[in-house]
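# Observations on the model geometry
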Amino acid sequence: MRPQTFQLGRENERMTTLSLFDAERSDGGVDELCPGAMVLRGFAARRERELAQAVDGVARAAPFRHLITPGGYRMSVAMTNCGDVGWISDETGYRYEACDPLTGERWPDMPEVIRELAREAAMRAGFERFAPNACLVNRYEPRARLSLHQDKDEQDFSAPIVSVSLGVPAAFLFGGLRRKDPTLRVPLTHGDVVVWGGPARLRYHGVLALKQAEHPFAGALRYNLTLRTAVT
Ligand code: MD3
Ligand code: FE
């Protein structure tokens, strides 16, 4: 199937008012949001069981928790990590750490099914040998949201980021390189995998408040796995 291409920029304001994607489309299609950002629709769906088991295993060793932002707010998204380092936030700032502050232990190993899926997705998007060493696992309850931000705590911006969405669909916001740039609204549904790299790597993005919904796989919840080369 030919990728659909959407340009950000002057056209963007008008495009945000259109329904760009069929949220039900999980047929293996590919959408290019802009140079460097590719949505692989349904790419993770056939491994949903293994992925769910992997996430359960990680959460048994490193429980989901609501981190505190440097501004003192409790994040509505619950998080945990696996891999060599994990992303954390507290009163003093954001950073990657090798140990879970909750348990004092190393974060659990990155399950092979997660690593392999991310490598294959990156490959499909044109990034050879993606070697993630951090996987942030986000869990959204109804009304949980992630405000507009850049991912810039990593040491290597030349590596892409791969994100895997599971469970209840969400509206993802995709902006530009400045916070005030217009944003594109992209539905991300169960099994969708997005590869963000190259010129898209430092774009602002966020997730709108999760709607109350039921997914046969995850109940009322949405999970997102974000794989990164965080340390070099
Ligand atoms: C666009 N999580 O944890 S990753 C995050 O749905 C985060 O939970 C999103 O943003 C979520 O930081 C999905 C999507 C993502 C990641 C990196 C990007 C989008 C990006 C880098 C550049 C542009
Ligand atoms: Fe992010």
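Preceding this section is the structure that the text describes.
Here the structure is a predicted model, which is why all the values come from computation and not from measurement. (Residues numbered from 1 in each chain as written. Chains lettered and ligands numbered in written order. Predicted model: local features only at pLDDT ≥ 70, side-chain atom pairs only at ≥ 80, totals over all residues. Heavy atoms only, no water.)

### Quick look at the pattern of salt bridges
For the record, the criterion: Think of a salt bridge as a Lys or Arg side-chain nitrogen and an Asp or Glu carboxyl oxygen that are within 4 Å of each other. Put simply, DSSP marks the helices as runs of H or I at least four residues long and the strands as runs of E at least two long, and each gets a number from the N terminus on. Exposure classes here rest on a 1.4 Å probe applied to the protein chains alone. A residue is buried below 20% of its type maximum, exposed above 50%, and partly exposed in between.
According to the stated counting rule, one finds 12 salt bridges in the structure shown. For E120, the salt bridge goes to R47, with nearest N and O atoms at 2.7 Å. Separated by 73 residues along the polypeptide, E120 in helix α3 (residues 112-124) and R47 in the loop between β3 (37-40) and α2 (48-61) bring together distant segments of the chain. Judged by relative accessible area, which is 28%, E120 ranks as partly exposed. Residue R47 is classed as buried on the basis of its relative accessible area, which comes to 12%. Ionic pairing is found between R228 and D151, a salt bridge with its closest N-O pair at 2.6 Å.

### Topic: the site of ligand 1
Let me state the cut-off plainly: Consider each residue's heavy atoms; a residue with any of them within 4 Å of a molecule or strand counts as near. In protein, a polar contact means a hydrogen-donor-capable atom and an acceptor-capable atom, both N or O and within 3.5 Å, with residues adjacent in sequence counting only if both atoms are side-chain atoms; elsewhere, any N or O pair within 3.5 Å suffices. A 1.4 Å probe and the Shrake-Rupley method give the accessible areas. Residues count as covered only by the protein chains that appear here.
Inspection of the region around ligand 1 gives 20 residues, with N138, Y140, H205, R222 and R228 positioned closest. A distance of 2.5 Å separates an oxygen atom of ligand 1 from a polar side-chain atom of Y140. Protein contact buries 98% of the 500 Å² of open area that ligand 1 shows by itself. Looking at the shell around ligand 1, the elements that each hand over two or more residues are β7 (134-140), β8 (146-149), β9 (161-167), β10 (170-174), β13 (205-207) and β14 (222-228). Among the elements that make up the shell around ligand 1, the one with the highest residue count is β14 (4 residues).

### Let's talk about the coordination of the iron ion (ligand 2)
Four donors placed tetrahedrally around a metal ideally meet at 109.5 degrees, and six donors placed octahedrally ideally meet at 90 or 180 degrees. So the rule is basically this: Because water is not among the atoms used, a metal site may look incomplete, as its donors are only the N, O and S atoms within 2.8 Å, or 3.2 Å for Na, K and Ca.
Bound to the iron ion (ligand 2) on the protein side are H149 (NE2), D151 (OD) and H205 (NE2), at distances that span 2.0 to 2.2 Å. In primary sequence terms, the donor set of the iron ion (ligand 2) follows H-x1-D-x53-H.

### Some remarks on the packing of aromatic side chains
What counts here: Here a Phe, Tyr or Trp ring, Trp counted by its six-membered ring, pairs with any other such ring whose centre lies within 6.5 Å, and the pair is stacked when the planes are under 30 degrees apart, edge-to-face when over 60, and tilted otherwise.
Across all of its chains, the model carries 4 aromatic pairs by this definition. Seen from their ring centres, F64 and Y223 are 6.0 Å apart, and the 55° between their planes marks the pair as tilted. Taken together, the positions of F64 in the loop between α2 and β4 (78-83) and Y223 in strand β14 put the pair 159 residues apart, joining distant regions of the chain. The class for F64 is buried, based on a relative accessible area of 18%. Taken together through their ring pairs, the aromatic side chains of F172, F174 and W196 make up a single cluster.

### Considerations on the environment of A45
Residue position: A45 is located in the loop between β3 and α2. Classification of A45 by relative accessible area gives partly exposed; the value is 28%.

### Side note on the environment of R201
Mapping R201 onto the fold places it in the loop between β12 (193-196) and β13. Residue class for R201 comes out buried when judged on its relative accessible area of 4%. Distance from R201 to A37, taken between C-alpha atoms, is 8.2 Å for residues 164 residues apart in sequence. Only 2.8 Å separates the side chain of R201 from the backbone oxygen of D151, close enough to count as a polar contact. Engagement of the side chain of R201 in a polar contact is seen with the backbone oxygen of A159, the distance being 3.5 Å.

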